[in-house]
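Residue strings, one per chain:
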Amino acid sequence: MEKTDIEEESGTPPLPPSPTIPTNVKPEKVAPPKHSVISRRGVGTDGRRISLLTNHFRVSMNVIDAMFYQYSVSITSEDKRVVDGKGIGRKVIDRLYLTYSSELDGKKFAYDGEKSLYTVGPLPQNNFEFTVVVDELLARSANGSPGANGSPSGNGKRPKRSFQSKTFKVAISYAAKIPLESIVLALKGSEADNNAQDALRVLDIVLRQQAATRGCLLVRQSFFHDDSRHFTDVGGGVTGCRGFHSSFRTTQGGLSLNMDVSTTMILTPGPVIDFLLANQNIRDPRYINWEKAKRMLKNMRLKTKHSNMEFKITGLSEKPCNQQQFPLKMRNGNDANDEQQTLEITVYEYFTKHRGIELSISAYMPCLNVGKPKRPNYLPLELCSLVSLQRYTKALSTMQRSTLVEKSRQKPLDRIRTVTDAVRNYKHDEDPVLSACGISIDRQLTRVDGRVLEAPKLKVGNSEDCIPRNGRWNFNHKKLLTPVRIERWAVVNFSARCDTSHLSRELINCGRNKGILIERPYNLIEEDPQSRRASPVARVENMFDLVREKLPGPPEFLLCVLPEKKNSEIYGPWKRKSLSEFGIVTQCISPTKINDQYLTNVLLKINTKLGGTNSLLAIEHTSRIPLINDTPTMILGMDVSHGSPGQADVPSIAAVVGSRCWPLISRYRASVRTQSPKVEMIDALYKPLANGNDDGMIRELLVDFFQTSNGRKPTQIVIFRDGVSESQFNQVLNIELEQIIKAYQHLGEVDFPKFTVIVAQKNHHTKLFQDGAPENVPPGTVVDTKIVHPRNYDFYMCAHAGMIGTSRPAHYHVLLDEIGFSPDDLQHLIHSLSYVYQRSTTAISIVAPVCYAHLAAQQMGQFIKFEDLSETSSGKTSITIEETVPVPELPRLHENVQGSMFFC
């Protein structure tokens, strides 16, 4: 951002001089970053040409010398407290503009809802102070005081509505200039694009302001209207709300508006009682768990049926409506001079007798408290409805998520229609701030050329070739490449309705057809019926007691039948016990239909976990992978999984998987650690201990590579990093990569390997469509021109076949390439890595190492019951930085399974 001389601009006193540095202190020089993001080296040429459309809309700028002026905004209330609330900030600034437009020369501005506003060209002066009066609708009693102690005054008259005025002081002061021309320079590939990012942020703030003016819910750059036609009930009192993401992006083809369909979760609007019934999955209000309801309802906003006013819920009354009393002031007569007397009256009696409102079901329920701690204000439940567009930020259940996906997916043509209609209807470029920049937005999708890479050939059992078609293949009449032999195994059943004898026979038969020789199980162990009511940990302990009792020795494999298909409470304790304490490979299943396809999918996972290989790339099988076959090369996949949005104190789980058995690129080992909540950079890649040893994740993987690759050390390392945004790219290069280099050094190595660092993103809003065809783009589609970054080395790849909905391509960013892949070689490698995922017989949407890292983090995260750390009602915690909770460590894997692909 361009900073200007404040004194020159406004005549204010100069800044105080810099503090004097003591003579005995040497200024510390900040070392420049060792690595920076590389620029594009060319584009790929391999593959069949295909004409595509994308949801980018071309933006023209006709006033490129326009200058944005940034002003800092400070809003204080009458009692001189700083106002932070986003909602009130917009109300105050809207009122300010209406009141003082002439003082601002009628200049329109974009306000970010917090502490900054932006204009095109300067305001008349650098500093302003305004007094702004905002009227708020309040309930007031007939005698002029707001409803005391819970309800409006009870003189028999209905409360009048009146406006209460609140006064705010608003200080606006000049901060900086941001040239629009910086976007033009960025489009030409200029390296220093900080100004361009600032200018783009201003344009995005304009879009947010437009949406706020329309009454939308704003979630970063996504906007959601209060329109029930766009609501999808997913159960549990939660509704999916469909809206739109819109943001400006610099691309090779120029500035574009990226417009996409977006969905957020909101509380289902409507009667509070209906919400509670849905949330607790019950039909009769008599069975509502009020303690749970109290936690759930806190801080929700409601509107009353009888007065049409909004309140925030602060709690529930201690007693039911027909018993909860409050003091009601009443006059003895109709004369205003008559003495007042105070009566103790129930909330139920007040509303039925004094307000004439019939209450049918809430007499025996608690009231909603919408008052303050020392001044409660009670409302009967049936008079209250939740207002719309209140975000729900907790994690969705498996059922809710599947319902949302099923109901909200759109086919490509439907999505094209929805997005283009939105661009035409919103008319973003008619905004006065954008108009002042000469910005106009095309109403048509951008056309772009793509290429479709040929699917890699696979090798399966008996050296047969397997050629994927449309991103898919199968093992019908085929055998696995290297099947294992399973001799010592057993089936354990945690009280699931399953004929384990039939299951084991079918599994043995299916295994024989796929080349896996499975002996008869040692035993079929059923859970003791008395254990069913015990805690999950106790049930697992009891089951292992039975395993020890009924088996002659430790098994090499246990098939575990669970009663629930998803989110079984037994899963975490079972995996921890078997993998960490006993070192036994296990496969958990919850079969609903036992057929050949189901059993084949289960066997793919079992074979991989026990060290077998289901299939290899043909070029991997014959050691012909370009740049990897000739030089020992290790592939890393890195990911960090965070707790759900409402759990601020749940540790994040960092996982790194590393390839082993070079020159293969299909087998991986995982290393997993906990780290501080919501921290994205992995902090245990290199972890020196006081005794001089390194307990980091990378050492573990480097040693394993050496031991499984005939004593060869990796001289090339390809890193795939998932889950980081563009603003964190430099941290990946200068924090995480540096840790990896230190881990390599710690092993006594002087010559560093060459690194190629690639970020894989799925959480973006670019979609690709076939031009003139209703289907999704074919698997293997690559785009590396026009909609990519003007300077940086990135491309989009859709490796998978999208059968339902609209495919989302993976967005790959090459941050560093010391190995020196050609664009074609790198794209083929990434495409091939989507075909080595051993759990399935389809190409996956992102490279397998990233998926494996995600699976490893997910599975080992179940080892500790993190939910116990964070059970807060509103999704916010009161933990401060000073009282940070120590991060619990994950138990390490047993040596028997450390090198296995246990996460498959």
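About the criteria used
Residues numbered from 1 in each chain as written. Predicted model: local features only at pLDDT ≥ 70, side-chain atom pairs only at ≥ 80, totals over all residues. Heavy atoms only, no water. Helix = DSSP H or I, 4+ residues; strand = E, 2+ residues; numbered from the N terminus. Buried < 20%, exposed > 50% of the residue type's maximum accessible area, 1.4 Å probe, protein only. Contact = heavy atoms within 4.5 Å. Areas by Shrake-Rupley, 256 points an atom, 1.4 Å probe, with all protein chains shown as cover. Pairing = 2+ DSSP bridges. Axes fitted to C-alpha atoms, helices over the stretch in contact; angles between N-to-C directions. Phe/Tyr/Trp six-rings, centres within 6.5 Å; stacked < 30°, edge-to-face > 60°. Core = buried A, V, L, I, M, F, W, Y, C linked by side-chain atoms within 4.5 Å. Salt bridge = Lys/Arg side-chain N within 4 Å of Asp/Glu carboxyl O. Parallel < 35°, antiparallel > 145°, perpendicular 65-115°, else oblique. Nonpolar A, V, L, I, M, F, W, Y, C, P; charged D, E, K, R; others polar. Left-handed = near helix turned anticlockwise from the far one by under 90°. Disulfide = S-S within 2.5 Å. pLDDT = per-residue confidence, 0-100. Expected span 1.5 Å × (residues − 1). Arc of directions from axis to C-beta.

**Q** I'd like a rundown of the overall build of the protein chain, residues and numbers included.
**A** Along the protein chain, the regular secondary structure elements total 19 helices and 41 strands. Expressed as a percentage of the 904 residues in the protein chain, the buried residues total 53%. At a minimum sequence separation of 6, the contacts of the protein chain that also span at least 24 residues come to 73%. Entry remark: accessible area of the protein chain is about 42700 Å², with carbon and sulfur atoms responsible for 47%.

**Q** How would you sum up the sheet that holds strand S29 (residues 524–526)? Please name residues and give values.
**A** The strand order S29-S27-S30-S31 describes an open sheet built from four strands, whose pairing is parallel. Lying at the two open borders of the sheet, with one neighbouring strand each, are S29 and strand S31 (585–589). Taking each pair of neighbouring strands and ignoring which way they run, the sheet shows an average axis angle of 20°. Taken together, the three bridges between strand S27 (residues 489–493) and S29 define a ladder with parallel strand orientation. Its bridge partner lying in S29, Val-491 is registered against Leu-524.

**Q** Outline the packing of aromatic side chains, supporting the account with residue identities and numerical values.
**A** Evaluated as defined, the whole model comprises 18 aromatic pairs. Geometrically, the ring pair formed by Tyr-350 and Phe-351 is edge-to-face, given 5.1 Å between the ring centres and 85° between the ring planes. Just as Tyr-350 is buried, Phe-351 falls in that class too. Considering the side-chain rings of Phe-494 and Trp-574, the 5.6 Å spacing of their centres and the 80° angle between planes classify their relative orientation as edge-to-face. Taken together, the residues span a long stretch of sequence, with Phe-494 in the loop between S27 and helix H11 (500–514) and Trp-574 in helix H13 (residues 571–582) at a distance of 80 residues.

**Q** Describe in detail the pairing of strand S35 (residues 668–675), supporting the description with residues and values.
**A** Among the eight residues that make up S35, eight are buried, leaving the element largely enclosed by the rest of the structure. Pairing of strand S34 (residues 652–659) with S35 involves eight bridges; the strand directions are antiparallel. Among the inter-strand pairings, Val-657 is bridged to a residue of S35, identified as Ala-670.

**Q** With reference to specific residues and values, describe the nonpolar core.
**A** Side chains that are nonpolar tend, in soluble globular proteins, to be buried together. With 119 residues, the main nonpolar core has Tyr-812, Tyr-852 and Phe-903 as its most contacted residues. Tallying contributions element by element places helix H19 (residues 848–861) first for this core, with nine residues. Once residues lying within four places of it in the same chain are set aside, the contact partners of Tyr-852 are Val-657, Tyr-668, Val-836, Tyr-837, Gln-838, Met-901, Phe-903 and Cys-904.

**Q** A description of the sheet that holds strand S24 (residues 458–459) should follow, citing residues and the corresponding values.
**A** An order of S25-S24-S32 is seen for the three strands of this open sheet, with the pairing classed as antiparallel. The open sheet terminates on both sides in strands that have one partner only, identified here as strand S25 (465–466) and strand S32 (616–617).

**Q** Would you mind going over the pairing of strand S41 (residues 810–817) in detail, with residue names and values included?
**A** Most of S41 is tucked away: eight of the eight residues are buried. Both strand S37 (residues 754–761) and S41 contribute to a ladder of six bridges, which runs antiparallel. Residue pairing across strands places Gln-761 opposite His-811, the latter belonging to S41. Bridge analysis of strand S40 (residues 793–798) against S41 gives five bridges, and the strand direction is antiparallel. By the bridge assignment, Tyr-793 is partnered in S41 with Val-814.

**Q** Give me the pattern of salt bridges: which residues, what numbers.
**A** The tally for this structure, following the rule as stated, stands at 33 salt bridges. When the shortest N-O distance is used, the salt bridge between Arg-81 and Asp-79 registers 3.1 Å. Taking the relative accessible area as the measure of exposure, Arg-81 reaches 59% and is therefore exposed. Between Asp-771 and Arg-447 there is a salt bridge whose closest N-O contact spans 3.0 Å. In this pair, Asp-771 sits in the loop between strand S38 (768–770) and strand S39 (781–783) while Arg-447 sits in strand S23 (residues 446–452), placing the two residues 324 residues apart along the sequence. Look at Asp-771 and you get partly exposed, because its relative accessible area is 29%. Look at the salt bridges and you will find they share partners, linking Arg-660, Arg-669, Arg-673, Glu-700 and Asp-704 into a network.

**Q** Tell me what's going on with the environment of Phe-275, and back it up with residues and numbers.
**A** Positionally, Phe-275 belongs in helix H5 (residues 272–279). In this structure the C-alpha to C-alpha distance between Phe-275 and Gly-237, which are 38 residues apart in sequence, comes to 5.1 Å. With near-sequence residues (within four places) excluded, Phe-275 lies in contact with Gly-237, Leu-267, Thr-268, Met-296, Leu-297, Met-300 and Leu-386.

**Q** Describe in detail the packing of H11 against helix H14 (residues 596–609), supporting the description with residues and values.
**A** Axis separation between H11 and H14 bottoms out at 10 Å; the angle between their running directions is 75°. It follows from the interaxial angle that H11 and H14 lie roughly perpendicular. Facing Leu-503, Glu-506, Leu-507, Cys-510, Gly-511 and Lys-514 of H11, the residues of H14 in contact are Asp-596, Leu-599, Thr-600, Val-602 and Leu-603. Residues that form the contact of H11 with H14 fall into these classes: six nonpolar, two polar and three charged.

**Q** An account of the packing of helix H12 (residues 536–550) against H13 is requested, with residue identities and associated values reported.
**A** Two numbers describe how H12 lies on H13: the axes approach to 9 Å, and their chain directions differ by 50°. Compared by their axis directions, H12 and H13 come out oblique. In this structure, H12 meets H13 at a crossing whose hand is right-handed. Seen from H12, the contacting residues are Pro-536, Val-537, Val-540, Glu-541, Met-543, Phe-544 and Arg-548; seen from H13, they are Pro-573, Trp-574, Lys-577, Ser-578 and Phe-582. In terms of residue class, the contact of H12 with H13 is built from eight nonpolar, one polar and three charged.

**Q** A description of the state of the cysteines should follow, citing residues and the corresponding values.
**A** For the coordinates displayed, the defined rule picks out zero disulfides. Considering cysteine sulfurs only, Cys-241 is the nearest to Cys-216, which forms no disulfide, with 8.9 Å between them. With a relative accessible area of 11%, Cys-216 lands in the buried category. Lacking any disulfide linkage, Cys-384 is separated from the closest cysteine sulfur, that of Cys-367, by 9.0 Å.

**Q** Tell me about the confidence of the model for the protein chain, and name the residues and values.
**A** Scored by pLDDT, the protein chain comes out at a mean of 88, with 89% of its residues at no less than 70. Segment residues 138–162: pLDDT under 50, and 59 contacts once partners within four positions in sequence are set aside and those in other chains are kept. Below pLDDT 50 for its whole length, residues 867–883 participates in 24 contacts with residues either more than four positions away or in separate chains.

**Q** Report on H12, specifying residues and quantitative values.
**A** Given 3.6 residues to a turn, an α-helix orients residues that are three or four positions apart in the same direction. For H12, which comprises 15 residues, the first-to-last C-alpha distance of 21 Å matches the rise-based estimate of 21 Å (1.5 Å per residue) to within 8%. Those residues of H12 not exposed but buried are Arg-539, Val-540, Met-543, Phe-544, Leu-546 and Val-547. Viewed end-on, H12 has its buried residues packed into an arc of 155°, placing them on one side of the element. Looking at the buried positions of H12, the neighbouring elements they touch are S27, S29, strand S30 (557–561) and H13.

**Q** Quick rundown of unusual backbone geometry? Include the residues and the values.
**A** Put simply, Trp-662 and Pro-663 share a cis peptide bond, and its omega is 15°. Within the secondary structure, Pro-663 sits in the loop between S34 and S35. Of note, the phi angle at Asn-281 is positive, near 55°, even though the residue is not glycine. Among the structural elements, Asn-281 can be located in the loop between H5 and helix H6 (290–297). With a relative accessible area of 70%, Asn-281 lands in the exposed category.

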